[in-house]
Amino acid sequence: MSEMDSTQDAAEVADARQEAAEHVVERVESWDEGAEPGTIRKDLEEGMAQAQVEVGDAELDRMAEEIHDDGRTGTPDVG
């Protein structure tokens, strides 16, 4: 495999992780609207784990608070 192929493969994996994270966020936003931040955070954490995407604790806390307060949040950069 050439260096270009491995770089392209890495980019595709990063894109897939980012897309998976976006799907988790969208699902939690729709399912957990009005839920407590702790419930939202747990669902985000479980969804990211199932999608095999690593997101830090502080980022999960921030996202849970935003979903609780605003009903939506930005997707973390997981590439």
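What counts, and at which threshold
Residues numbered from 1 in each chain as written. Predicted model: local features only at pLDDT ≥ 70, side-chain atom pairs only at ≥ 80, totals over all residues. Heavy atoms only, no water. Helix = DSSP H or I, 4+ residues; strand = E, 2+ residues; numbered from the N terminus. Expected span 1.5 Å × (residues − 1). Buried < 20%, exposed > 50% of the residue type's maximum accessible area, 1.4 Å probe, protein only. Arc of directions from axis to C-beta. Contact = heavy atoms within 4.5 Å. Polar contact = N/O pair within 3.5 Å; in protein donor to acceptor, adjacent residues only side chain to side chain. Salt bridge = Lys/Arg side-chain N within 4 Å of Asp/Glu carboxyl O.

Trainee: Which residues make up the environment of A16, and what values go with them?
Mentor: Along the chain, the position of A16 falls in helix α1 (residues 3-31). Residues A16 and V78 lie 62 residues apart in sequence; the distance between their C-alpha atoms is 9.7 Å.

Trainee: Quick rundown of helix α2 (residues 37-50)? Include the residues and the values.
Mentor: Its 14 residues give α2 an end-to-end C-alpha distance of 20 Å, which sits within 8% of 20 Å, the value for a rise of 1.5 Å per residue. Buried within α2 are the following residues: P37, I40, R41, D43, L44, G47 and M48. End-on, the buried residues of α2 take up no more than an arc of 165°, which puts them together on one face. Residues G38, A49 and Q50 are exposed on α2 and point more than 90 degrees away from its buried face. Q52 lies just past α2 and shows a positive phi near 60°.

Trainee: Would you mind going over unusual backbone geometry in detail, with residue names and values included?
Mentor: Phi angles above zero are rare outside glycine, and Q52 is one such case at about 60°. For Q52, the position within the fold is in the loop between α2 and α3 (57-70). Given the relative accessible area of 67%, Q52 is considered exposed.

Trainee: With reference to specific residues and values, describe the environment of R62.
Mentor: Within the element layout of this structure, R62 appears in helix α3. Among all residues touching R62, those that are not within four sequence positions of it are T73 and G74. Among the polar contacts made by the side chain of R62, one reaches the side chain of E66 at a distance of 2.8 Å.

Trainee: Explain the side chain of T73 to me, using residue names and the numbers behind them.
Mentor: In this fold, T73 is placed in the segment after α3. Looking at T73, the relative accessible area reads 12%, which means it is buried. Of the polar contacts made by the side chain of T73, one reaches the side chain of R62; its length is 3.4 Å. Separated by 2.5 Å, the side chains of T73 and E66 make a polar contact. Apart from the residues within four sequence positions on either side, T73 is in contact with V25, E29, R62, M63, E66 and I67.

Trainee: Account for the pattern of salt bridges, with residues named and values stated.
Mentor: Two side chains of opposite charge can pair, provided their charged atoms sit close to one another. Within this structure, the stated rule accounts for 6 salt bridges. In this structure, R41 and D57 form a salt bridge, with 3.0 Å as the shortest nitrogen-oxygen distance. Remark: D57 occurs in helix α3 and R41 occurs in helix α2; sequence separation between them is 16 residues. One network of salt bridges, with partners in common, ties together R41, E45, D57 and D61.

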